[in-house]
Amino acid sequence: MSHPLPPLNPLRAFEVAARLCSLTKAAEELHVSQVAVSRQVKVLEDYMGVVLFYRQHRGIELTREGLELYRGVKNAFKEISDASRRVSRRGRKDVLSIQSYTTFSQRWLIPRLADFNARNDLLEVKLSSSLKPADFDSGNVDAAIRAGRGEWPDLHAEKLVDIELIPVVSPALQASAGIKTVRDLSRVRLLHSMARSSDWQHWLAAYGDTVEDKASVQFESSALAYEAASTGMGCAIAVKMFVEKQLESGEFLAPFPETLKTGEAYYLVWPKGTPPSDALLRFLEWMRGVMQTQTPAAPAAGEEGTPPARALDSLG
């Protein structure tokens, strides 16, 4: 005979309090008072005949029995949430929530989303941006764009594109500075992105030369560094896929056509053990298709046409 389920409202209050390690924060999430949450937890403890939390001066801590119960109920509530979300979407647009980096969103994804929407008119994409790893436990994110080597134990990672670095300047700065060798970079400001703080270091190390970086400027994101470069403030080290249009139009020039593959790539990731939805698979297929048809161009400063890019590690 099956064991009767515990009362669900107290069980829900317990799950939120255990996840947040706080009765106060649980009350905020559930939009009730702290007293109400405490009362619900007490109802569950009386029902089960065990103590679930140690009440301490600065908060709460799960007991051994509480931890065992939480491990079970958190997965159960996630499955209930996922199932109800799937059911509630019937007859409406499907919704796919993607978290991405600010620069990836601004420079690559947003300009192409109209094409995806045209091909998937019944699918709505909700896009958020953050440098922090996606919080998949919240249920607010289906997948995320991450940069790295694909080594995330808890995530399924689908590689999208390798990350290649290339210095870029405005035509005005190139005309005034006459950058021809790596050492010439000492005469201009190097523009850094705090989000990709080691990119200049890696590119210069691979090129095998030394540059005085006395007048560098730090920006919160790569997108801001690229914007500063377009005004002639200095030379930015760019992820090539984000500046291809500017290189093709002549808004940016590449003083050196060589690119550096960092060993990292952009990946589309989601939790292991969570089957990807049809919407997510369509989004992944679309991203791969667009990236495969891209034709990068990096005209060297003072030259016409597109010189063949060569990997820095092949320069000897």
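See the structure shown above.
Being a predicted model, the structure only gives us computed values, none of them experimental.

Chemist: Teacher, can you tell me more about the environment of Ser105 here?
Modeler: Here Ser105 lies in helix H5 (residues 102-119). Measuring from C-alpha to C-alpha, the distance between Ser105 and Ser129 comes to 7.3 Å, with 24 residues separating the pair along the chain. If near-sequence neighbours (up to four positions away) are discounted, Ser105 is found in contact with Ser100, Ile110, Pro111, Leu127 and Ser129.

Chemist: For this particular structure, what's the right way to read the packing of aromatic side chains?
Modeler: Centre distance and the angle of the planes are the two values used to describe a pair of aromatic rings. The final tally for this structure, using the stated rule, is 15 aromatic pairs. Ring centres of Trp203 and Tyr207 lie 4.8 Å apart, and the angle between their planes is 35°; on these two criteria the pair is classed as tilted. Within this pair, Trp203 and its partner Tyr207 are both found in helix H7 (residues 199-207), separated by four residues, close to a single helical turn. For Tyr207, a relative accessible area of 26% corresponds to the partly exposed category. Each residue in the set Tyr101, Phe104, Trp108, Phe116, Phe242, Tyr266, Phe283 and Trp286 is aromatic and connected to the rest through ring pairs, giving one cluster. Of note, Arg12 hangs over the ring of Phe77, and the distance from its end group to the ring centre comes to 5.2 Å.

Chemist: Whenever I open this one, the pattern of salt bridges confuses me. Can you help?
Modeler: One pass over the full model with this rule turns up 14 salt bridges. Taking the shortest distance from any N to any O, the salt bridge between Arg196 and Glu264 comes out at 3.7 Å. Note that Arg196 is positioned in the loop between strand S7 (190-193) and H7 and Glu264 in strand S10 (residues 260-271), a separation of 68 residues in sequence. Glu264 gets classed as partly exposed once you look at its relative accessible area, which sits at 26%. Linked through salt bridges whose partners overlap, the residues forming this network are Arg12, Glu15, Arg19 and Glu29.

Chemist: Would you explain the nonpolar core in this entry?
Modeler: Side chains of a nonpolar character, in soluble globular proteins, are inclined to be buried together. With 60 residues, the main nonpolar core has Phe104, Trp108, Leu185 and Trp203 as its most contacted residues. With eight residues, helix H10 (residues 278-293) is the largest single contributor of residues to this core. Residues Val16, Ala18, Val41 and Ile60 belong to the second largest nonpolar core, which totals 19 residues.

Chemist: Looking at this structure, how should I read empty space enclosed by the protein?
Modeler: This structure, assessed with the given rule, holds one cavity of 30 Å³ or more. Estimates place the volume of the largest cavity at around 50 Å³. Lining of the largest cavity is provided by Leu191, His192, Ser193, Arg196, Ser197, Asp199, Trp200, Ser222 and Ile237. Sorting the residues of the lining of the largest cavity by element identifies S7 and H7 as the ones contributing at least two each.

Chemist: Where do I start with the pairing of strand S4 (residues 123-129) in this structure?
Modeler: Consecutive side chains along a regular strand alternate between the two faces of the sheet. Where strand S3 (residues 94-100) lies against S4, seven bridges are found, and the strand directions are parallel. By the bridge assignment for S4, Ile98 is matched with Leu127.

Conventions and cut-offs
- Residues numbered from 1 in each chain as written.
- Predicted model: local features only at pLDDT ≥ 70, side-chain atom pairs only at ≥ 80, totals over all residues.
- Heavy atoms only, no water.
- Helix = DSSP H or I, 4+ residues; strand = E, 2+ residues; numbered from the N terminus.
- Contact = heavy atoms within 4.5 Å.
- Phe/Tyr/Trp six-rings, centres within 6.5 Å; stacked < 30°, edge-to-face > 60°.
- Buried < 20%, exposed > 50% of the residue type's maximum accessible area, 1.4 Å probe, protein only.
- Lys NZ or Arg CZ within 6 Å of the ring centre and 35° of its normal.
- Salt bridge = Lys/Arg side-chain N within 4 Å of Asp/Glu carboxyl O.
- Core = buried A, V, L, I, M, F, W, Y, C linked by side-chain atoms within 4.5 Å.
- 1 Å grid on protein atoms, 1.4 Å probe; cavity = no way out; pocket = protein on both sides within 12 Å on 5 of 7 lines; lining within 4 Å.
- Points joined across faces, edges and corners; volume = space filled by probe spheres on them.
- Pairing = 2+ DSSP bridges.

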